[in-house]
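Residue-level structure breakdown
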Amino acid sequence: MAEKVRIYQLAKDLHLDTKDMLKMLDDIGVEYKSHSSSLDADIADTIRQLAAQEEAARVAAAGGAEAPAAPADTSVDHAAAAAVSTPAPAAEGSAVAEGSAAAGAAASAGAATAVAEPAAPAKPLPVRAPVVTVMGHVDHGKTSLLDHIRKTRVAEGEAGGITQHIGAYQAETASGLVTFLDTPGHEAFTAIRQRGANATDIAVIVIAADDSIMPQTREAIAHAKAARVPIIVAINKIDLPQADHERVMRDLMQVELVPEAYGGETVVVPVSALTGQGVDDLLEMLSLVAEVEDLRADPQAEAAGVVIESVLDKRAGVLVTVLVRQGTLRVGDYLVCGEVWGKVRRLTDHTGAIVSQAGPSMPVQVLGFSEVPLAGEHVEAAPDEATAKRTASERRLVRQAGEREEIGRKGLTLADLFGKRKVSTINLILRADTQGSLEAIKGVLEKEAATTEDVELELMLAEVGAPTESDLLLASTGDATILTFGVTPPGSVKKSAERRKIPLKNYRIIYDLIEDVQRMIRGQIEPEYAERVLGHAEVRMVIHVPRSGNIAGSYVTDGTIRRGAKARLSRDGREVYKGSIAQLRRFKDDVREVSAGFECGINLQNYDNVQEGDIIEVYEMVEVPAA
């Protein structure tokens, strides 16, 4: 064979598990980076020969196992030989046979005892389903790709076709069960992408073939690298006529992901979420990577997991999506999540079916928490209700003590002593559909507030769920604007807000909310002005005019001199007057402006002490656009 071959492809050709193939390479001292590494032709041939020898040895061993095995006890061996070689009468023969059988049984029992004496090796933990996080730039087809795998439609239900918060699903593929986490691509949801990367075993970076690598693609790759998980790149939308597969491959090298086709280790799979092309290849690669990673978990251990999403439903209450990492979560279990505790009253899988338990790598929706836990928090099982309450309370007290200590460490600053610059405050009340969306929007608001020192955004309330009458009362007291994202305010709340003239704004797409907040900030910033020089004029003659005072007969050296504009008079390099131009004449006519190269008469507002050689600079104040 003259060409190189990938390790996983060679394992597939030889009908071997990838783990066995890697072990074989370790045994013969071949260095490799991953299952995607290439092997030279001579090494591949050696592996084929070794595999053939092992297969022949297995066949021989299986054939030898069919022949009777030699007994281990020598005395029994001799007794059996004597019984066979010594002729005896029938009755005696039967007795001898019985004796021989008894001796054989004794030997077997002795051998069994000898085998049972050493401690039995521990059974390996069961293999669990891989957790795969799909990440990438907004509108590159992440959710559509999952739709094709799961054979459902989710993207159409998302506002604007953009995934607003995390979705956790399980899909039965030809390679086994796989848990998928879908993360949004919009820049506002950095924390959710990071949370998805930290909860995953394999990261799939989706890149549109017509768009290549974009800002959120780079961010997703950075999160996956930071989480130290295997990365598979899926180049989506290859069915489009403008798709440029090679451009994406080249751009991947700029982010230190060298594709296999270019001699690297990064698995790149071209796919089309619309037609399904390449999706089976992607699933095969996922199964190969999962096999190499050897993902296992103990279903008998105490339940533990991570919160993927949490939402406050007005009918059901607090609903928390939990990805079980180990153990088995059952109805009736007590859980602690950060400073929140709960008792599992109902478990619902990703299809909406009610289940009694959930094992490792299974995402379920848990009903039973008293408060909305923070997304990304770890979930732990507690033996009883008292322990769960005590643990949550202790964590809350530790956090509060830390906050008080932090406040105590803050000392006086120069700004405290000499006063701070005037700062406008925008009071906001924020309501969102899920805890993840709430965190993302709070992050956006902090980022926008940091862009200026003249405006502060004060979040008076940030909660999950629809706005209430108490929110309106708080808004009227604090002169606040209520922003809702992904939730519909009740009709009574809308009418009450209109009656009280309280701003109540509803959003379904994150872009609109960000733009409105930016407009609110710009509206509160006092405009800044800067000087813009219009022109200069040199005084060459002073003309005294009765009732008008002294007129500066001037020559415009550059720019334009404009009536009514601001002016400053410089003499010997020093400013002696600052005011405005009251009158501008050319010959006997009043004019609005005079351009460079012409002469004119300039009368300065409330100033007559002009002299020959003075320089008049004319300028105007213009508003500086906010950065």
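Residues numbered from 1 in each chain as written. Predicted model: local features only at pLDDT ≥ 70, side-chain atom pairs only at ≥ 80, totals over all residues. Heavy atoms only, no water.

1. Examining the pattern of salt bridges
For side chains bearing opposite charge, pairing can occur when the charged atoms are close. What counts here: We define a salt bridge as a contact between a side-chain nitrogen of Lys or Arg and a carboxyl oxygen of Asp or Glu at a distance within 4 Å. Segments assigned H or I by DSSP are reported as helices when at least four residues long, segments assigned E as strands when at least two residues long, and all are numbered from the N terminus.
Summed over all chains, the structure comprises 24 salt bridges. Note that D45 is salt-bridged to R48, the shortest N-O span being 3.1 Å. Highlighted residues: D45 and R48, both in helix 3 (residues 41–65), separated by 3 residues, approximately one helical turn. Note that E620 is salt-bridged to R532, the shortest N-O span being 2.4 Å. Taken together, the residues span a long stretch of sequence, with E620 in strand 29 (residues 615–624) and R532 in strand 22 (residues 528–545) at a distance of 88 residues. A cluster of three or more residues bridged by salt bridges with shared partners is formed by R532, R562, R592, E593 and E620.

2. Comments concerning the packing of helix 14 (residues 469–478) against helix 15 (residues 491–500)
Which entries qualify depends on this criterion: Each axis is a line fitted through C-alpha atoms, taken for helices only over the stretch in contact, and angles between the N-to-C directions span 0 to 180 degrees. Roughly parallel refers to an angle under 35 degrees, roughly antiparallel to one over 145, roughly perpendicular to one between 65 and 115, and oblique to any angle outside these ranges. Crossing handedness follows the turn of the near helix against the far one: under a right angle anticlockwise gives a left-handed crossing, and clockwise gives a right-handed one. Every residue pair with non-hydrogen atoms within 4.5 Å of one another is taken to be in contact. Any residue that is not Ala, Val, Leu, Ile, Met, Phe, Trp, Tyr, Cys, Pro, Asp, Glu, Lys or Arg is counted as polar, Gly included; the first ten are nonpolar and the last four charged.
It is the contact of helix 14 with helix 15, at a shortest axis distance of 10 Å, that shows an interaxial angle of 20°. By the angle class used here, helix 14 and helix 15 are roughly parallel. Of the two elements, helix 14 crosses helix 15, and the hand of that crossing is right-handed. Residues E469, L472, L473 and S476 of helix 14 touch helix 15, and the partners they reach there are S492, V493, S496, A497 and R500. For the contact of helix 14 with helix 15, a count of residues per class yields 4 nonpolar, 3 polar and 2 charged.

3. Concerning the side chain of Q216
The test is simple: The buried label goes to any residue with under 20% of its type's maximum accessible area, the exposed label to any with over 50%, and the partly exposed label to all in between, with areas taken from a 1.4 Å probe on protein chains only. Here a polar contact is recorded for every N or O atom pair within 3.5 Å, except that within protein the pair must consist of a potential hydrogen donor and a potential acceptor, and residues adjacent in sequence are included only if both atoms are side-chain atoms.
The residue Q216 is located in helix 8 (residues 215–226) in this model. Residue classification places Q216 among the buried residues on the basis of a relative accessible area of 8%. Polar contacts involving the side chain of Q216 include one to the side chain of H137, which spans 3.1 Å.

4. Brief notes about the pairing of strand 29
Selection criterion: Pairing between strands is defined by DSSP: at least two bridges between them are needed.
As defined by bridge partners, strand 22 adjoins strand 29 across 10 bridges and the pair is classed as antiparallel. The residue bridging H536 from the neighbouring strand is E617, located in strand 29. Inspection of the sheet shows strand 24 (residues 566–571) paired to strand 29 by 5 bridges, in the antiparallel sense. Bridge pairing in strand 29 places R568 opposite E617.

5. Let's talk about the nonpolar core
Which entries qualify depends on this criterion: We call a set of buried Ala, Val, Leu, Ile, Met, Phe, Trp, Tyr and Cys residues a nonpolar core when their side-chain atoms join them within 4.5 Å.
L145, F180, I232 and L286 are the most contacted members of the largest nonpolar core, which totals 28 residues. Those elements that provide at least two residues to this core are strand 3 (131–136), helix 6 (142–150), strand 4 (167–173), strand 5 (176–182), strand 6 (202–208), strand 7 (231–236), strand 8 (267–270) and helix 10 (279–293). At 8 residues, helix 10 tops the list of elements feeding residues into this core. L286 has contacts with V132, F180, I202, V204 and I232, leaving out every residue within four places of it along the chain. I426, V455, V464 and I510 belong to the second largest nonpolar core, which has 22 residues in total.

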